[in-house]
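The chain contents come next:
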Amino acid sequence: MPRLAALVVLLWAVALGRDAAEDWIARTEMPVLVHATAPEVRDREGRLLRAYTVEDGLWRMEVTADRVDPMFFEMLIAYEDRRFYSHPGVDPVAALRAAGQGLRAGHIVSGASTLTMQVARLLEDGGTGAWAGKLRQLRLALALERRLDKTEIVQLYLRLAPYGGNLEGLRAATLAWFGKEPARLTPAEAALLVALPQSPEARRPDRHPEAARAARDRVLKRMESAGVIDAETALAARREPAPERRHPFPQIAPHLADRALAKGTGRHRLTLDRDLQQSLERLATTYMQGRDSRLSLAMIVADHRSGEVLAGVGSPSYAATRGQGFVDMTRALRSPGSTLKPLVYGLAFDRGLAHPETLISDTPVQFGTYAPQNFDGQFRGELRVARALQLSLNIPVVRLTDAMGPAHVMAALETAGLSPQLPGGQPGLALSLGGVGLSLWDMVTLYAALAEGGAARPLRWQMDEAVPSARRVLSPRAAWQVGHVLAGLAPPPQAGPPGRVAYKTGTSYGHRDAWALGYDGRYVAGVWIGRPDGTPVPGAFGGELAAPLLFEALGRARAEPVPLPAPPPDTLLVSNAKLPVPLRRFGGSGTKAPSLQVTFPPEGARLSADARGVPVKLRGGVPPFTLLADGAVLATHQRGPEFLVPLQGVGFTTLSVIDATGQAGRVSIELR
């Protein structure tokens, strides 16, 4: 009877103790289990482009067990906590073993800390030396096991384990020490990652490489003894060099990454292709070597079929200070120069004002007080519209702009989804020559519309963006005609034969901006080069500076050029002689001038050469006048009806005078 009573008391005491223990564990004050991880920007395939630190400058990155090499888990469990999946947070076997070893040796020989207890210490950033701290970790470990499953506990370890310096968590460690994601690790790499959290500062590979290597090799030896790896694998792993420096975290597409981060923290997946992006960033850096450090450069490559941006370079160097590399020049408003001309011609084709074979006049003309001039100051007379576009002449495109009205050009830009900024508020004839602020992003959008048969949609750079509906800017026929004309331009040297890429270059007023935009059957690209502060770049021309880079960028986007499309069925493919009569010659507009006559010298006059020049007198016409001798321009902007022609050589000469409306008067004389 006394024994039975004692047994009852004992069972009661055990039950009471168990209930008290359960209550003690249940009342555990839990630390924060959710921790901020680095905002990340990834490419279309999910590959990391850029990450940002969290609080206190820590690199703590999101990682899940299914994206970690299984070998790491095998080594971690075998080395740290063999009974992790069976104990309740505290391993009594390990505790008894550690106690026995300590009693025999008179000091601590091995610890009994489980992986769960290590997680408890990481959660509270507490030490392990004091008994109070150890007891707290034990209590928290038991509480964690009751609230989380084993996978969630491992997940906390993967995220919080220290790996030296400001590295926290396994993924930050593999990126910093090995320059790669943790999905594929060598045995040597996995062993080092198991060893580092035990003493992250004393074993930092960049500061204490020998200590790091020794700790790694001890883990490898234990793994060989435990049968996790064989002897041959362990030997090969010990021969593998340990890292001695940190790899920089990826900073690919920094401008677009910053743009994504501005939309909020978390994970952002962009439409970029990381390989192409890195290739173009290297190209930009190489291309600008040896050039003025104040220059910047921007490039965009997109798939015009989907509207997805595949690569975007905002500057040659994000960290450059003199060239203001932090400024994203793909979005900066600049004058597009002649790169707007294809749109004007396309609109003229659509409105029946012209056809590529239409003849148009490239002669002096004046619209009120505005007298446009060609870039080289020359006049070609009458020529085909297609040739006028290929030569990028200013006067023909201004004639077309005047005929349709600059407001219609402005409306087309807005229909295409662009954001044009007018300096004066109202569009004028200079609009078609680049008298408007547009970004490279805008211009690539416009050329993507030309490539897509005149259907414009905004460029997409985020994978989760909805695909916007297209808005028609040009008819498929007009867009094809423009592209066909541009494809006839000779490419830069070593860029391949003509006809594969439809492209246009441009140089803004004062040589401030050099442009090149173009497309093939699938890809569209744009290049801008200039100074971010808008100051002139003497000698900069789009054809010489930007065009070679355009073709190189397109070449890196695909192995072979994608053929341009065939003409739509309603395209009129005939010579000028077979065009409808109204389309054979563009009438245009401008000031109607009184008849221009050269009254002196008379036709056939024989004059003595004079060092001061030959006097010329005019009647009629609209100033300013341009004077030519045997086709060569001698003087421009002559306002008065009388002036001296600087002729001194002897022989026969034909003098020509052209007024602002294109009227001409000429005489042939002989100097003796």
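So, here's what we can say about the structure. (Residues numbered from 1 in each chain as written. Predicted model: local features only at pLDDT ≥ 70, side-chain atom pairs only at ≥ 80, totals over all residues. Heavy atoms only, no water.)

### Points about the nonpolar core
One finds Leu280, Met299 and Ile529 to be the most contacted residues of the largest nonpolar core, which totals 112 residues. It is helix α17 (residues 440-451) that provides the largest number of residues to this core, a total of 10 residues. Contact partners of Met299, with chain neighbours within four places excluded, come to Leu280, Leu283, Ala284, Ala311, Gly312, Val313, Thr330, Leu440, Gly526, Val527, Leu549 and Ala553. Core analysis: the next-biggest nonpolar cluster, separate from the first, contains 56 residues, Phe178, Leu185, Val194 and Ile229 among them. (Core = buried A, V, L, I, M, F, W, Y, C linked by side-chain atoms within 4.5 Å. Buried < 20%, exposed > 50% of the residue type's maximum accessible area, 1.4 Å probe, protein only. Helix = DSSP H or I, 4+ residues; strand = E, 2+ residues; numbered from the N terminus. Contact = heavy atoms within 4.5 Å.)

### Let's talk about the packing of aromatic side chains
Two numbers describe a pair of aromatic rings. These are the distance of the centres and the angle of the planes. Inspection of every chain in the model, using the stated rule, returns five aromatic pairs. Measuring from centroid to centroid gives 5.7 Å for Phe375 and Phe541, while their planes differ by 75°, and the two rings are edge-to-face. Here Phe375 is found in the loop between β8 (359-362) and β9 (381-384), whereas its partner Phe541 is found in the loop between β14 (523-530) and α19 (542-557), with 166 residues between them in sequence. Phe541 gets classed as partly exposed once you look at its relative accessible area, which sits at 28%. Judged by centre distance (4.9 Å) and plane angle (85°), the ring pair of Tyr503 and Phe551 falls under edge-to-face. In this pair, Tyr503 sits in strand β12 (residues 502-507) while Phe551 sits in helix α19, placing the two residues 48 residues apart along the sequence. For Phe551, a relative accessible area of 12% puts it in the buried group. Between Arg259 and the ring centre of Trp441, over which it is positioned, the NZ or CZ distance is 4.6 Å. (Phe/Tyr/Trp six-rings, centres within 6.5 Å; stacked < 30°, edge-to-face > 60°. Lys NZ or Arg CZ within 6 Å of the ring centre and 35° of its normal.)

### Here we look at helix α8 (residues 187-195)
Here α8 lies mainly inside the structure; nine of its nine residues are buried. The complete set of buried residues in α8 reads Pro187, Ala188, Glu189, Ala190, Ala191, Leu192, Leu193, Val194 and Ala195. Here the buried face of α8 lies against α2 (70-80), α7 (170-177), α9 (209-226) and α10 (231-239).

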